[in-house]
Amino acid sequence: MKLKFKISQTTSLAPEIIIDRIKVELDQNKYRVLNITNNSVKFDESPWKLMWNFEAMRRLDGGKFDVNLQDNLTSVTFSYYRSLIAPIIILTVISISLIKDGEYYAPLGFFLFYVITLTFNAFTLKNVANEMLNNILIF
């Protein structure tokens, strides 16, 4: 289960230059590049990679850059996503253990906490994606 987001910008740079800049940006941020073509770059991040908590909040789980040339302008569409597998597993384990112990309302508190956390994370990831796209196009 993934939350998918999309942003796009246009530039006067050539598509080949943009693809090269995307590769450099992904290498600097230590993402794993899955596929590179003439007009797209697909990447991801291992969901079980060990990192600091605050670093994990600022990491994209993966995405795809689509580069298209239209009327002497290059359009770059960045589709990125946030995986919900780890939070759902954690919420399920905590809920099952609390319900087993007779706490029936506590899982609602944890659910509310995760909804607030995921909302905050969505805004943080939007800023990270915009920053990444700006670094590629402005460099």
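Residues numbered from 1 in each chain as written. Predicted model: local features only at pLDDT ≥ 70, side-chain atom pairs only at ≥ 80, totals over all residues. Heavy atoms only, no water.

1. Describing the side chain of E25
Then, in step 1: If you trace the backbone, E25 turns up in helix α1 (residues 15-28).
Then, in step 2: Apart from residues lying up to four places away in sequence, E25 is in contact with M132, N135 and I136. (Helix = DSSP H or I, 4+ residues; strand = E, 2+ residues; numbered from the N terminus. Contact = heavy atoms within 4.5 Å.)

2. Remarks on the pattern of salt bridges
Then, in step 1: Tallied over the entire structure, the rule returns six salt bridges.
Then, in step 2: Close ionic contact of E131 with R58 constitutes a salt bridge, the shortest N to O distance being 3.8 Å. With a gap of 73 residues between them, E131 in helix α4 (residues 106-138) and R58 in the loop between α2 (53-57) and β4 (62-70) connect regions that are remote in the sequence.
Then, in step 3: Judged by relative accessible area, which is 41%, R58 ranks as partly exposed.
Then, in step 4: Residue R82 is joined to D61 by a salt bridge in which the shortest nitrogen-to-oxygen separation is 3.1 Å. Taken together, the residues span a long stretch of sequence, with R82 in strand β5 (residues 73-83) and D61 in the loop between α2 and β4 at a distance of 21 residues.
Then, in step 5: Given the relative accessible area of 17%, R82 is considered buried. (Salt bridge = Lys/Arg side-chain N within 4 Å of Asp/Glu carboxyl O. Buried < 20%, exposed > 50% of the residue type's maximum accessible area, 1.4 Å probe, protein only.)

3. Topic: the environment of L98
Then, in step 1: Within the secondary structure, L98 is located in helix α3 (residues 85-100).
Then, in step 2: Take L98: its relative accessible area is 18%, and that puts it in the buried class.
Then, in step 3: Distance in space between the C-alpha atoms of L98 and N121 is 25 Å, their sequence separation being 23 residues.
Then, in step 4: Excluding its chain neighbours within four sequence positions, the residues that come into contact with L98 are E103, A106, P107 and F110.

4. Quick word on the packing of aromatic side chains
Then, in step 1: According to the stated counting rule, one finds seven aromatic pairs in the structure shown.
Then, in step 2: Taking 5.8 Å as the distance between ring centres and 50 degrees as the angle between the ring planes, the aromatic pair formed by F113 and Y114 counts as tilted.
Then, in step 3: Among the residues examined, Y114 registers a relative accessible area of 16% and is labelled buried.
Then, in step 4: One aromatic cluster is present, formed by F5, Y31, F43, F65, F78 and Y80 through successive ring pairs.
Then, in step 5: Geometry around Y81 places K2 over its ring, the cationic atom sitting 4.1 Å from the centre.
Then, in step 6: Taking the ring centre of Y31 as reference, the NZ or CZ of R59 above it sits at 4.1 Å. (Phe/Tyr/Trp six-rings, centres within 6.5 Å; stacked < 30°, edge-to-face > 60°. Lys NZ or Arg CZ within 6 Å of the ring centre and 35° of its normal.)

5. Here we look at the pairing of strand β3 (residues 40-44)
Then, in step 1: Burial runs high along β3: four of the five residues are buried.
Then, in step 2: Where strand β2 (residues 32-36) meets β3, four bridges bridge the pair, whose relative direction is antiparallel. Within the sheet, the bridge partner assigned to R32 lies in β3 and is D44.
Then, in step 3: Here β2 hands over to β3 after three residues, the two strands then running antiparallel side by side.
Then, in step 4: By the bridge criterion, five bridges tie β3 to β4 in an arrangement that is antiparallel. Note that in β4 the partner of S40 across the bridge is D66. (Pairing = 2+ DSSP bridges.)

6. A look at the side chain of R59
Then, in step 1: Tracing the sequence through the fold places R59 in the loop between α2 and β4.
Then, in step 2: Given the relative accessible area of 10%, R59 is considered buried.
Then, in step 3: In this structure the side chain of R59 is engaged in a polar contact, spanning 2.9 Å, whose partner is the side chain of E45.
Then, in step 4: Residues in contact with R59, not counting those within four places in the same chain, are N29, K30, Y31, E45, K49, M51 and L125. (Polar contact = N/O pair within 3.5 Å; in protein donor to acceptor, adjacent residues only side chain to side chain.)

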